[in-house]
Amino acid sequence: MQPSFEPMSDDDLDLDDRKDRADDSEDEEDGEEIDLSALSDEDLVKQMHDDLYDGLKEEIEEGTNILLERGWQAKKVLDEALVEGMRIVGIDFRDGILFVPEVLLAAGAMKGGMAILRPLLAETGAETIGKVVIGTVKGDIHDIGKNLVGMMLEGAGFEVIDLGINTDADAFIAALHEHKPDILGMSALLTTTMPYMKVVIDTLKEKGLRDDYTVLVGGAPLNEEFASAVGADAYCRDAAVAVETAKDFMMRRHNIRGAMASA
Ligand code: B12
């Protein structure tokens, strides 16, 4: 069970780490160019955390390519260089050290790296095992986590229809009618927007559609308790859990259909 409605459950960052990052940024401002390809894997990953922090998209793209050229799996680059870097950004945003413009730059840099990894993560060659409609709910513009979940689901063999950010109940329902997915995924990163998931699920119930779909929800402030309170089928704390849960539900759907067909 995740802690309730606590946006960031991570340990606080070491003050020395923060000072190091500030010092490193000053070095770069002084015009000291760092040759990323000359760094060891460990130093390069650390440098990428700093570059993400500073919103340096080109450097993040270069670092991502270098790690891939060195034989790193796309998933390892994603987890250790990008997601971990964004976790650090998130902690300093929470603590008022970074502000929206800086976090936007960091998010842009992260997306640069993700764009390189996307085709590799999706390259498993697996046949389509299910269809997912996914979106960030109304009032919320956070999309990094949702995009990651979409990418990882694609990588696992799902067809993913991404409705983007700020998605209202009508848009979700229209997409369900149009695409007839197996799974509906909703993302929310704000305590003020997460209740909107209930609005969407209640609308599905009103229209008699709720049981046609598996509803998965995610986002940093959610937890299992919240998911069950709003009537979702499951809460997924990260993209890896999302993939496992989605596969699990697909298996159950097949088993139920199989049992009904043979009855
Ligand atoms: C990046 C960021 C931004 C960027 C967003 C850029 C973008 N394109 O997404 C910008 C700068 C725009 C932004 C704006 C704001 N933000 Co902001 N933001 C963040 C930050 C630092 C990181 C979020 C992130 O990308 N995490 C990395 C991804 C990989 O993790 P994730 O999103 O949690 O996703 C994973 C899981 O949750 C799960 N998951 C996510 N979605 C889904 C969906 C499904 C279906 C499933 C199965 C799983 C799943 O899997 C994902 C991958 O593993 C968080 C801090 C945090 N700790 O979350 C604050 C944070 C979410 N923001 C916050 C705030 C307050 C805001 C603003 C209101 C600030 C302001 N004053 O304007 C605005 C809101 C604007 C709006 N209307 O939405 C607060 C929310 C606090 C709260 N209690 O609600 C946070 C927690 C920061 C804090 N203060 O602590 N933000």
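Relevant structure appears above.
In short, a report on the structure.

Focus on the pairing of strand 4 (residues 214–218)
Part 1 of the argument: Within strand 4, five of the five residues are buried, which leaves it mostly tucked inside the rest of the structure.
Part 2 of the argument: Across five bridges, the pairing between strand 3 (residues 183–187) and strand 4 is parallel. From the neighbouring strand, Ser187 faces strand 4, where its bridge partner is Gly218.
Part 3 of the argument: Handedness of the crossover joining strand 3 and strand 4 through helix 8 (residues 196–206): right-handed.
Part 4 of the argument: The pairing of strand 4 with strand 5 (residues 234–235) spans two bridges and is parallel. The partner of Leu216 across the bridge, within strand 5, is Ala234.
Part 5 of the argument: Taken together, strand 4, helix 9 (residues 224–230) and strand 5 constitute a β-α-β crossover, and its handedness is right-handed.

Observations concerning the site of the ligand
Part 1 of the argument: The full set close to the ligand counts 39 residues, and Ile144, Gly145, Gly185, Ser187 and Gly218 are the nearest of them.
Part 2 of the argument: Breaking the shell around the ligand down by element, the ones donating at least two residues are helix 4 (74–94), helix 5 (100–121), helix 6 (144–155), strand 3, strand 4 and helix 10 (239–262).
Part 3 of the argument: Per element, the largest residue contribution to the shell around the ligand is six residues, and it comes from helix 4.
Part 4 of the argument: Looking at the shell around the ligand residue by residue, the class counts come to 25 nonpolar, nine polar and five charged.

Considering the pairing of strand 1 (residues 130–136)
Part 1 of the argument: The buried fraction of strand 1 amounts to six of the seven residues, a majority that puts the element mostly inside the structure.
Part 2 of the argument: Inspection of the sheet shows strand 1 paired to strand 2 (residues 158–162) by five bridges, in the parallel sense. Directly across from Lys131, in strand 2, lies its bridge partner Glu159.
Part 3 of the argument: Examined bridge by bridge, strand 1 and strand 3 share five bridges and lie parallel to one another. By the bridge assignment for strand 3, Thr136 is matched with Ser187.

Structural notes on the nonpolar core
For soluble globular proteins, nonpolar side chains are generally found buried alongside one another.
Part 1 of the argument: Within the largest apolar cluster, 63 residues are counted, with the highest numbers of intra-cluster contacts made by Leu52, Met152, Leu153, Met197, Val217 and Ala232.
Part 2 of the argument: Broken down by element, this core gets its largest block of residues, eight residues, from helix 4.
Part 3 of the argument: Here Val217 is in contact with Met186, Met197, Leu222, Ala227, Ala232 and Tyr235, once residues within four sequence places are set aside.

As for the packing of helix 3 (residues 57–69) against helix 5
The axes of two packed helices give the description: the angle between them and the distance between them.
Part 1 of the argument: In the contact formed by helix 3 and helix 5, the axes pass within 8 Å of each other and the chain directions differ by 30°. Here helix 5 runs roughly parallel to helix 3, going by the angle between their axes. As helix 3 runs across helix 5, the sense of the crossing is right-handed. For the pair helix 3 and helix 5, contact is made by Lys57, Ile60, Glu61, Thr64 and Asn65 and by Gly108, Ala109, Gly112, Gly113, Ile116 and Leu117, respectively.

Rules of the game
- Residues numbered from 1 in each chain as written.
- Predicted model: local features only at pLDDT ≥ 70, side-chain atom pairs only at ≥ 80, totals over all residues.
- Buried ≥ 20, exposed ≤ 12 C-beta atoms within 10 Å, placed from the backbone.
- Helix = DSSP H or I, 4+ residues; strand = E, 2+ residues; numbered from the N terminus.
- Pairing = 2+ DSSP bridges.
- Right-handed = clockwise from strand over helix to strand, strands pointing away.
- Near = placed C-beta within 6 Å.
- Nonpolar A, V, L, I, M, F, W, Y, C, P; charged D, E, K, R; others polar.
- Core = buried A, V, L, I, M, F, W, Y, C linked by C-beta atoms within 7 Å.
- Contact = placed C-beta atoms within 7 Å.
- Axes fitted to C-alpha atoms, helices over the stretch in contact; angles between N-to-C directions.
- Parallel < 35°, antiparallel > 145°, perpendicular 65-115°, else oblique.
- Left-handed = near helix turned anticlockwise from the far one by under 90°.

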